[in-house]
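# Fold and contact review
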Amino acid sequence: MSKPTQVVEQIRYHHWGTQQPQHAWYWNAVAGMADLIGAALRSHGINVVQTKEKFGRACVYIGAHDNEDAPLTLPAERRLYREVYMMALDAAPMLHDAIIDGADYPALARGDIP
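I will try to describe carefully the structure that is included in this document. (Residues numbered from 1 in each chain as written. Predicted model: local features only at pLDDT ≥ 70, side-chain atom pairs only at ≥ 80, totals over all residues. Heavy atoms only, no water.)

### Side note on the pattern of salt bridges
Selection rule: Salt bridges, as used here, are contacts in which a Lys or Arg side-chain nitrogen is within 4 Å of a carboxyl oxygen on Asp or Glu. Going along the chain from the N terminus, every DSSP run of H or I of four or more residues is numbered as a helix, and every run of E of two or more is numbered as a strand. Accessible area is worked out with a 1.4 Å probe on protein chains only. A residue is then buried under 20% of its type maximum, exposed over 50%, and partly exposed in between.
Counting across every chain of the model gives 2 salt bridges. Linking arginine 79 and glutamate 83 is a salt bridge whose minimum nitrogen-to-oxygen distance equals 3.5 Å. A residue pair is termed a helical-turn pair when its members lie 3 or 4 positions apart in one helix, as arginine 79 and glutamate 83 do in helix H2 (residues 75-91) at 4 residues. We classify arginine 79 as partly exposed; its relative accessible area is 41%. One salt bridge connects arginine 110 with aspartate 112, and the closest N-O pair in it is separated by 2.8 Å.

### Concerning the environment of glutamate 77
Operational definition: Throughout, a contact is declared for two residues whenever any of their heavy atoms are within 4.5 Å.
Topologically, glutamate 77 is positioned in helix H2. Residues glutamate 77 and isoleucine 46 lie 31 residues apart in sequence; the distance between their C-alpha atoms is 7.1 Å. Those residues within four positions of glutamate 77 in sequence are excluded, and the remaining contacts are Ile46, His65, Glu68 and Leu72.

### Looking at the packing of aromatic side chains
Threshold: Classification of ring pairs rests on two measures: the distance between centres of Phe, Tyr or Trp rings, Trp counted by its six-membered ring, which must be within 6.5 Å, and the angle between planes, read as stacked under 30 degrees, edge-to-face over 60 and tilted in between.
Counted according to the given criterion, the structure contains 4 aromatic pairs. On the numbers, 5.5 Å between centres and 75° between planes, the contact of tyrosine 26 with tryptophan 27 is edge-to-face. On the accessibility criterion, tyrosine 26 (1% relative accessible area) is buried. A relative accessible area of 12% places tryptophan 27 in the buried class. Members of the aromatic cluster, connected to one another through ring pairs, are Trp25, Tyr26 and Trp27.

Next comes the structure, spelled out in C-alpha cells:
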C-alpha cells in the first residue's frame, strides 16, 4: 500500500532577499531536486546547461549539443527527459508544482506530449 502524500504549497518570492527563515527547508529541497534532475539528465547524455532554484522552482536548463539546432530533437531524448521527470515526481510528489514549473519543457515533463 502506498503512503498518502501531502502536496506542499509552492512557496514563491518575487524579490530576492525577502525569503523567510522558516522556508529554508523548502529552498534546499527544491535546489537539491534541481541538481538531482540535472545529474540524471546528464547521465543519459542530455546537455544540461544549469540547475538551480529560482522563484521556488526547480529550474533545469537544457541546451542543444554542438551538432544540433535544438535540444530534445530525438524521440529517445524526449522519452528520457519525460522518464527522468516522472522519477523525480515519484521521489518527491510533494514538490510537484516546483518540479514541473521549473522544467524547460513542462508539457513534456508532465507527459502531455510525446
